Amino acid sequence: MVDVTEKEMDSVTFKSDTVLSDVHLHCPNKRHLMVRLNAAGQPVFLSYFKLLGSTEDLASERCMREATRERENQYRSGDELCDKDGNHLSEEIEFTDKGVEALLDDDGDLEVVRRPQSISDVEAKDLLRDKVYPVILMKGKEDAFEDEELECTCGDVVRIEHTMATPLEDVGKQVWRAAFLLADYILFKRDAFRCHSVLELGGGTGITSIIMGTVAQRVYCTDVGEDLLAMCEQNVTLNKHLLEPGGGEVKVKKLDWLKDEFCTDPEAPYSWSEEEIDDLHHHCTVIMAADVFYDDDLTDALFRTLYRVTHSLKNSCTVYLALEKRLNFTLRHMDVTCEAYSHFRNTLRDLENLQDREMKYTAEPVKLDFCQFLVYERVEQL
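Reading guide: rules and limits
Residues numbered from 1 in each chain as written. Predicted model: local features only at pLDDT ≥ 70, side-chain atom pairs only at ≥ 80, totals over all residues. Heavy atoms only, no water. Phe/Tyr/Trp six-rings, centres within 6.5 Å; stacked < 30°, edge-to-face > 60°. Helix = DSSP H or I, 4+ residues; strand = E, 2+ residues; numbered from the N terminus. Buried < 20%, exposed > 50% of the residue type's maximum accessible area, 1.4 Å probe, protein only. Lys NZ or Arg CZ within 6 Å of the ring centre and 35° of its normal. Salt bridge = Lys/Arg side-chain N within 4 Å of Asp/Glu carboxyl O. Pairing = 2+ DSSP bridges. Axes fitted to C-alpha atoms, helices over the stretch in contact; angles between N-to-C directions. Contact = heavy atoms within 4.5 Å. Polar contact = N/O pair within 3.5 Å; in protein donor to acceptor, adjacent residues only side chain to side chain. pLDDT = per-residue confidence, 0-100.

Caption draft 1: Representation of the packing of aromatic side chains within the structure. Scanning the model with the defined rule gives 14 aromatic pairs in all. Each ring, one from Phe180 and one from Tyr376, has its centre 5.4 Å from the other, and the planes form 45°; the classification is tilted. Here Phe180, found in helix H4 (residues 177–188), pairs with Tyr376, found in the segment after helix H11 (339–352); they are 196 residues apart in sequence, far enough to count as distant. Note on accessibility: Phe180 and Tyr376 belong to one class, buried. Each ring, one from Tyr185 and one from Phe193, has its centre 6.4 Å from the other, and the planes form 70°; the classification is edge-to-face. Residue Phe193 is classed as buried on the basis of its relative accessible area of 2%. Through a chain of ring-to-ring contacts, three or more aromatic side chains come together here, namely Tyr185, Phe188, Phe193, Tyr320 and Phe370. The aromatic ring of Phe373 is capped on one face by Arg190, whose charged end is 5.8 Å from the ring centroid. Between Arg308 and the ring centre of Phe262, over which it is positioned, the NZ or CZ distance is 5.8 Å.

Caption draft 2: Region of interest: the environment of Met34. As for its placement among the helices and strands, Met34 is situated in strand S2 (residues 32–37). Residue classification places Met34 among the buried positions, given a relative accessible area of 19%. With twelve residues separating them along the chain, Met34 and Leu46 place their C-alpha atoms 6.3 Å apart.

Caption draft 3: Representation of unusual backbone geometry within the structure. For Cys195, which is not a glycine, the phi torsion comes out positive at approximately 70°. The topology assignment puts Cys195 in the loop between helix H5 (190–193) and strand S9 (197–200). Despite not being glycine, Asp291 shows a phi value in the positive range, around 55°. Residue position: Asp291 is located in the loop between strand S12 (284–290) and helix H10 (296–312).

Caption draft 4: Highlighting the pattern of salt bridges. Summed over all chains, the structure comprises 15 salt bridges. For Asp227, the salt bridge is made with Lys173, and the minimal N-O distance between the two is 3.0 Å. In this pair, Asp227 sits in helix H7 (residues 226–238) while Lys173 sits in the loop between strand S8 (157–162) and H4, placing the two residues 54 residues apart along the sequence. Here Glu324 ties to Arg326 by a salt bridge, and the two come within 3.5 Å at their closest N and O atoms. Among the charged side chains, a salt-bridge network with shared partners connects Asp22, Arg177, Asp291, Glu324, Arg326 and Glu377.

Caption draft 5: Fine view of the sheet that holds strand S10 (residues 218–223). Across the sheet, which stays open at both edges, the five strands sit in the order S11-S10-S9-S12-S13 with parallel pairing between neighbours. The two strands at the open ends of the sheet, each matched to only one other strand, are strand S11 (249–254) and strand S13 (318–322). Neighbour-to-neighbour, the strand axes of this sheet turn through a mean angle of 20°, independent of strand direction. Bridge count for S10 against S11 is six bridges, and the pairing is parallel. The residue bridging Val219 from the neighbouring strand is Val250, located in S11. The strands touched by H7 within the sheet are S10 and S11, with S11 carrying the most contacts at an inclination of about 175°.

Caption draft 6: Seen up close, the side chain of Thr166. Looking at the secondary structure, you find Thr166 in the loop between S8 and H4. For Thr166, a relative accessible area of 1% translates into the label buried. A polar atom in the side chain of Thr166 sits 3.2 Å from the backbone oxygen of Asp170. A polar side-chain atom of Thr166 sits 2.9 Å from a polar atom in the side chain of Gln174. Apart from residues lying up to four places away in sequence, Thr166 is in contact with Thr18, Val19, Val171 and Gln174.

Caption draft 7: Looking closely at the confidence of the model for the chain. On average, residues of the chain carry a pLDDT of 78, and 65% of them reach 70 or more. In the model, residues 122–152 has pLDDT below 50 throughout and makes 67 contacts with residues more than four positions away in sequence or in other chains.

Caption draft 8: Local environment of the pairing of S12. Of all seven residues in S12, seven are buried; the element is thus mostly enclosed. As paired elements, S9 and S12 share four bridges and run parallel to each other. Bridge pairing in S12 places Val198 opposite Val286. Inspection of the sheet shows S12 paired to S13 by five bridges, in the parallel sense. Residue pairing in the sheet places Met288 in a bridge with Tyr320 of S13.

In structure tokens, the structure reads:
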């Protein structure tokens, strides 16, 4: 048993062999609540993610961003020096025939006038997001949210249990920006997904399937690992308030990309029934996956699974793939590269060029100029 005080959690420290999503360090929540330890002994946190569903919210966010850009331009205008209020400092400098006279304080020390840091680096963080740290939940789970402001507006809030700073093999237990990007697209194109049957590959915490479940008729959210699937199922339960109005259903199922068949063992947790497999094959028209392209072997396995599943479908299907290109310096290339993304593109091209008389695959990029319904950084690498 380890005794961890709240003071020790004030700063985030992680081991060097762990991977951390930016979503968990910078998001619009006041705090993360640690609710339990999972079967692997990892702390599980509960986070709120607000949906900007109304026009007023979206307009407010756009105004905030425009104000930030305008203030940034004011600070950066020309080469003139400005103080923290944006006032020019040129009047404080005395010009002589020898040039600019140095500024000295009362003790005769040199006083250096510095340009202010960019608004995007300093004040934008305060305007658009708060930096949050883990907080151990000391109360019982039933009354954990009594003092939370978001509780009263649960209709536009997604609650997600997740872990933080996991080993690479457990990254599915975190929330990633590409999942938010795909969720944005679903909400923007909600009429296109309404009443459809959907399969998600590598669902992780289930946030994208939950958003899809608000508009689709049925979503099969799949992944591997009993601990991860249990967390995903818990998240579906936590967000029934979002699913019930539209009558959508999210089913959490095991789907191993390294195996050729669905798990149908009735004794195995999250296995498939014959009826569910038949329903998937006869009604699925949408397949989606978010941020699952970080390992070449897993990428190959996913495309094999994609090929196998689509061949069994009775209807034509659209596949939506969202990812973040992560740049890394490699000794092999002695340069900054994005090998995982390059492998993904090559594999996708192979799928398009596949000589298959029964099916033909085509790929098209989606422009990222659609509305943002979740608050996160839509970086250019998405």
